[in-house]
Amino acid sequence: MIRMLLAGIVLVLTMHGAHALILAQQGNQLLIDGQPATLTFARGCQTVADLPMYRALGFNTLLVTADSPGSRQLTNLETLADAAAKAGLFVLVELTNGVWSADQYADMRDKNYAENATYFLNAVIPRLSKHPNVVGWVISTADEAQSLSSLGTFVDYLKRKYGTVENLKDAWSDRNEDGHVIAAPPVTSFALLTVLPLDRLLHLSASKAVNEKIIADVTAYQGLIKARNSYFQAAMQQRYQSLEELTLNWQCADDWQYDSWDTLTIESVLKHAQSHPLASPQSMLALARFQLDAPVVLMDWWAKQLALRDPGRLVFAGGQHSYRTIISLPHSVNGVLTECYPGYAEADLEMQNPHAIDMARRGNQFIVLAGVQAHSSDPAGLASAMYTAAVHGAAGICITDWAALRNGTEGASGDYAATVHASLADMQRRDLLGRAPLPTIAIVYSPYAPGPRGGKRAIYGYLPDFLYPGPGMLFFYLRGGTRFGQFDYLAADDLTRVPLTRYQTILLPSALDVPEAAQRALLSFVQGGGTVVADIGAGTVQANGNFYFLPEGLMNLFHVVNVPGIKHVRQNLEVYQPHARFPSLHAGLRTNGIAGGYMIAQAVMVTPLAGAQLLFSTVEDNHLGKPTVRARAVLPVKPTYGVFANQFGLGYAVYAPFALYQLWLPGNWLFGEFHQDLFSRGASVALQRPIDFIPSLASVSRYADGSVFVWTRDQTRPEVEVSNSARRLYDVRQGHCELGEETTRLCYDISGFHVANPLPIWVKPTPATVRFVTNQIDRRMMDFDLEVTGEAEDRSSLTLRIGNGLYPVTPNSRHRLLLTGLADTQTALLDTDETMTLQADAHGVLIVNTTAARCRVRLIPLDAPPPPAVKSDDVLIDLMPEFEVTPR
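Just so you know, these numbers come straight off a predicted model, no measurement behind them.

### A closer look at the overall build of the chain
Line of reasoning, step 1. When helices and strands are counted, the chain shows 21 helices and 43 strands.
Line of reasoning, step 2. Rg of the C-alpha trace for the chain: 31 Å, near the compact-globule value of 29 Å for 888 residues, within the 12% margin.
Line of reasoning, step 3. Counting only C-alpha atoms and orienting by the principal axes, one finds that the chain spans roughly 105 × 80 × 50 Å.
Line of reasoning, step 4. Residue pairs in contact within the chain that sit at least 24 positions apart in sequence constitute 72% of those at least 6 positions apart.
Line of reasoning, step 5. On the chain, roughly 35,700 Å² of surface is accessible, and the fraction owed to carbon and sulfur atoms is 53%.
Line of reasoning, step 6. Distance from the positive charge centre (70 side chains) to the negative charge centre (83 side chains) of the chain: 1 Å.

So, in structure tokens, the structure goes:
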């Protein structure tokens, strides 16, 4: 396969090799020399000899890894960057840990670490920043696992330091002058070290030399624990003015007091939390915030150092293996290299956890380069993951292992190299990467509830066992989107950064941290017509750590007051009465969940205020209920369990005093009905398939340019309904666009991955239905078929407004119009041809009137069109304006 590629390719030098690139960020999109661009590369290509093969596969960027300040290695990297430029490749420089870091835990408060990092930057940046084809830097030195705040047990420390038991035994063994082992520790597994108390571990061996090596590691670990506690104490001193204030805030009992700041340790906080598992006190929130802030501060320092030393280049956060760090990244970085591969995150071999891309975009504030593993799935799975990345708005793709491509590794359905080559070529041809998704649903992701574990640590949050598994299971189930498209994930602070008018519904599952400014943004959003759904824990940080309370702003939004005290219960929900916002919920229907048929395990009672309506009451029954028509009593103003809906302004605020998504997931009763009513309102796309609203073998998404991606992975021919108040026609290849009086449908003749782009063709309102088929649209000709159906009087005429796009319609330009009537078979031409010359108006709009119910329209420019714009390699220019937002 690769030999065939190399035999037919000619490497062409692109324009960017001769001058410094002009780089810019526009939301989640990358601009190079003012034009939209994408970056495609593989990890591990580090030799000049591989570049022809690498370029032949379709990659346009080389990832160069710098892990040492040594002059010899930097010279090698410069040679590689020069060769990449000659091969027409952009360059990303990844900074990783190496000899310079001395295998230290990372923390900017550590003077030695800061000095070593500064020395590394001062050596690398001047040498590699002078290369004009460098697009940006990837910071993989601030991995969460490197942070001192994430220091685990002594065994975790040993695993990180030595990797395997064999390496550990080798390091702890005593050797003679000839290097032969004369004494070895009796260690057969890390599990053995886990159960040994410290005093026995210090005398594990009969050999004094071996014990001294063990003691050295124990001493080093204890030094790290002391340093971590010192940093924790400093952070708490900065947050609280005195120990008295901390004691009051944390509600420390008499048996849990601190005599001095030196006695405040992370171990003591964790020990107290073990005896108060449901209290979720401020102490655990403070510890979680400390753990969350450390990698953020570290990434922020590196990003600002790079911006200072090399202004104008882009900065990407690398080493991002967990969602909880991705959602917390500082705005000092331009983008993210997501590497939530199966094994690091959930074992999603088909799509490879695309919700990481949505979390990294943060409402299109960051450029996302999606990491995709080749060896974790077969070639078909690799292709699926690449296309999924495009659906979710990635501006680039990184194939994590070049070796699997270079060596021609084959899977069950072909070799990886052929798959990557074909997929990248198709993505470039159809301009799939780098589009800006515009979902109508946003999820506020607060990284506290731990969620399912991935790899060695919790990947969703920092609070151990808090309302486990938290909303992480929901995020995973929704990773492919619904029939109404994809999701945006926002940090709470993003509620004041992202225009909320683009959304119809905002979910706040276990959103423990909702700052006051974010609360005000939510109030304004709902007042304007949006819907907010939240559950227990919303605003816990602002409610002084009492997660069964609501802060003032959210209390005003939901019009409920929680009763202190959470209780263990076994309950389901029953629809209390019909509600205009949820037409699919019929009175008497019940939910069920994954805990023995129940969906509520812990709850608090709620006192409703004026205006709050009971949407769901609770029942201690796990049998499915049937719709019942019976009188409902007026809701008493007294504490009760249930779900409440409050009309606020033009919108609705829904509140559940329990973890709504702890035990209630897709597939459970009423989950689909409730969320279909939530997500369908104002949806910009709706996939038409006879299946549940979460399709397992289909995806649909709409973008800021109005384009629509639809992908069916079975034999079902896709059909999508799109919001289109402007009555614009779509370029539907292998199918047709059907424009009705109130709806627009994109209908395809075959399954697979399809892209429909809106055309600058608008149809004057008419009761008739217009069927539009694209034949050819380019700079030379516009050719399409029209069929108008309906009553005879509705089919008499049709008016089209055609603007400038791929087919040129410039102000006052002249065009030859050929109208050809089509017979019923759409093959035989009638003798009703009309030929005329039309002229565009001063605004560059061409008016075309047709009278035939079925005809072919052909336009040919009579004025010479301007030459095509000069574009960088692999860059396609998007001429489509942003589509309209459907009012709520």
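### Notes on the nonpolar core
Line of reasoning, step 1. One finds Phe59, Leu95, Trp302 and Ile399 to be the most contacted residues of the largest nonpolar core, which totals 150 residues.
Line of reasoning, step 2. The residues contacting isoleucine 399, other than those within four sequence positions of it, are Phe41, Ala42, Arg43, Phe59, Val372, Ala374, Leu382, Met386, Leu405 and Val420.

### Focus on the sheet that holds strand 2 (residues 29-32)
Line of reasoning, step 1. Pairing in this open sheet of 3 strands is antiparallel, and the strands run 1-2-3 from one edge to the other. Pairing within the sheet leaves two strands with one partner each, and these edge strands are strand 1 (23-26) and strand 3 (35-37). Between one strand axis and the next, the sheet turns by 40 degrees as a mean value, whatever way the strands run.
Line of reasoning, step 2. Both strand 1 and strand 2 contribute to a ladder of 4 bridges, which runs antiparallel. Each bridged residue has a counterpart across the sheet, and for leucine 23 the counterpart in strand 2 is isoleucine 32.

### What to know about the confidence of the model for the chain
Line of reasoning, step 1. Across the chain, pLDDT averages 87, with 90% of residues at or above 70.
Line of reasoning, step 2. Below a pLDDT of 50 lies the segment residues 1-18, which in the model reaches 28 contacts outside its immediate sequence neighbourhood of four places, other chains included.
Line of reasoning, step 3. In the predicted structure, residues 870-887 sits below a pLDDT of 50 and forms 50 contacts with residues beyond four places in sequence or in another chain.

### A look at the pattern of salt bridges
Opposite charge on two side chains makes pairing possible when the charged atoms of those side chains draw close.
Line of reasoning, step 1. Taken as a whole, this structure holds 33 salt bridges when the rule is applied.
Line of reasoning, step 2. Taking the shortest distance from any N to any O, the salt bridge between arginine 406 and aspartate 50 comes out at 2.8 Å. Pair noted here: arginine 406 is in helix 16 (residues 402-406) and aspartate 50 is in the loop between strand 4 (39-42) and helix 2 (51-56), with a separation of 356 residues, a long-range link.
Line of reasoning, step 3. Arginine 406 sits in the partly exposed class, given a relative accessible area of 39%.
Line of reasoning, step 4. Via salt bridges that share partners, Asp358, Arg361, Asp488 and Arg502 belong to a single interconnected network.

### Re unusual backbone geometry
Line of reasoning, step 1. For glutamine 734, which is not a glycine, the phi torsion comes out positive at approximately 60 degrees.
Line of reasoning, step 2. Tracing the backbone through its elements, the reader meets glutamine 734 in the loop between strand 33 (728-732) and strand 34 (735-739).
Line of reasoning, step 3. Residue classification places glutamine 734 among the partly exposed residues on the basis of a relative accessible area of 48%.
Line of reasoning, step 4. Although it is not a glycine, asparagine 812 adopts a positive phi angle of roughly 65 degrees.

### Points about the sheet that holds strand 37 (residues 769-777)
Line of reasoning, step 1. Read from one edge to the other, the open sheet built from 9 strands follows the order 29-32-35-34-37-38-43-40-41, with strand pairing classed as antiparallel. Two strands in the sheet have a free side with no partner beyond their single neighbour: strand 29 (685-687) and strand 41 (834-839). On average, adjacent strands in this sheet sit at an angle of 25 degrees to one another, irrespective of strand direction.
Line of reasoning, step 2. Inspection of the sheet shows strand 37 paired to strand 38 (residues 782-789) by 8 bridges, in the antiparallel sense.

### Let's talk about helix 12 (residues 282-309)
Line of reasoning, step 1. An ideal rise of 1.5 Å per residue puts 40 Å on 28 residues; helix 12 measures up with 40 Å between its terminal C-alpha atoms.
Line of reasoning, step 2. Counting buried positions along helix 12 gives 20 out of 28 residues, so the element sits mostly inside the fold.

### Side note on the environment of leucine 859
Line of reasoning, step 1. On the secondary structure map, leucine 859 appears in strand 43 (residues 854-861).
Line of reasoning, step 2. Sequence separation of leucine 859 and arginine 361 is 498 residues, and the distance between their C-alpha atoms is 41 Å.
Line of reasoning, step 3. Ignoring sequence-local partners within four residues, the contact set of leucine 859 consists of Arg780, Met781, Met782, Ile802, Tyr807, His815, Arg816, Leu817 and Leu846.

### Brief notes about the packing of helix 9 (residues 208-239) against helix 12
Line of reasoning, step 1. Orientation of helix 9 relative to helix 12, taken along the N-to-C sense of each, is 115 degrees, at an axis distance of 11 Å. By the angle between their directions, the pair helix 9 and helix 12 is classed as roughly perpendicular. Helix 12 is crossed by helix 9, and the crossing has right-handed handedness. Two secondary-structure elements touch here, helix 9 through Arg228, Tyr231, Phe232, Ala235, Met236 and Arg239 and helix 12 through Ala286, Leu287, Arg289 and Phe290.
Line of reasoning, step 2. By residue class, the composition of the contact of helix 9 with helix 12 is 7 nonpolar, no polar and 3 charged.

### Quick look at the pairing of strand 6 (residues 90-96)
Line of reasoning, step 1. Counting buried positions over the 7 residues of strand 6 gives 7, a clear majority of the element.
Line of reasoning, step 2. Side chains Phe90, Leu92, Glu94 and Thr96 project from strand 6 onto one buried face, and the interleaved Val91, Val93 and Leu95 project onto a second face that is buried too.
Line of reasoning, step 3. Alignment of strand 5 (residues 61-66) against strand 6, held across 6 bridges, turns out to be parallel. The residue bridging threonine 61 from the neighbouring strand is phenylalanine 90, located in strand 6.

Calculation criteria
- Residues numbered from 1 in each chain as written.
- Predicted model: local features only at pLDDT ≥ 70, side-chain atom pairs only at ≥ 80, totals over all residues.
- Heavy atoms only, no water.
- Helix = DSSP H or I, 4+ residues; strand = E, 2+ residues; numbered from the N terminus.
- Rg over C-alpha atoms; globule rule 2.2 N^0.38 Å.
- Contact = heavy atoms within 4.5 Å.
- Areas by Shrake-Rupley, 256 points an atom, 1.4 Å probe, with all protein chains shown as cover.
- Lys, Arg positive; Asp, Glu negative; His and termini not counted.
- Charge placed at Lys NZ, Arg CZ, Asp CG, Glu CD.
- Core = buried A, V, L, I, M, F, W, Y, C linked by side-chain atoms within 4.5 Å.
- Buried < 20%, exposed > 50% of the residue type's maximum accessible area, 1.4 Å probe, protein only.
- Pairing = 2+ DSSP bridges.
- Axes fitted to C-alpha atoms, helices over the stretch in contact; angles between N-to-C directions.
- pLDDT = per-residue confidence, 0-100.
- Salt bridge = Lys/Arg side-chain N within 4 Å of Asp/Glu carboxyl O.
- Expected span 1.5 Å × (residues − 1).
- Parallel < 35°, antiparallel > 145°, perpendicular 65-115°, else oblique.
- Left-handed = near helix turned anticlockwise from the far one by under 90°.
- Nonpolar A, V, L, I, M, F, W, Y, C, P; charged D, E, K, R; others polar.

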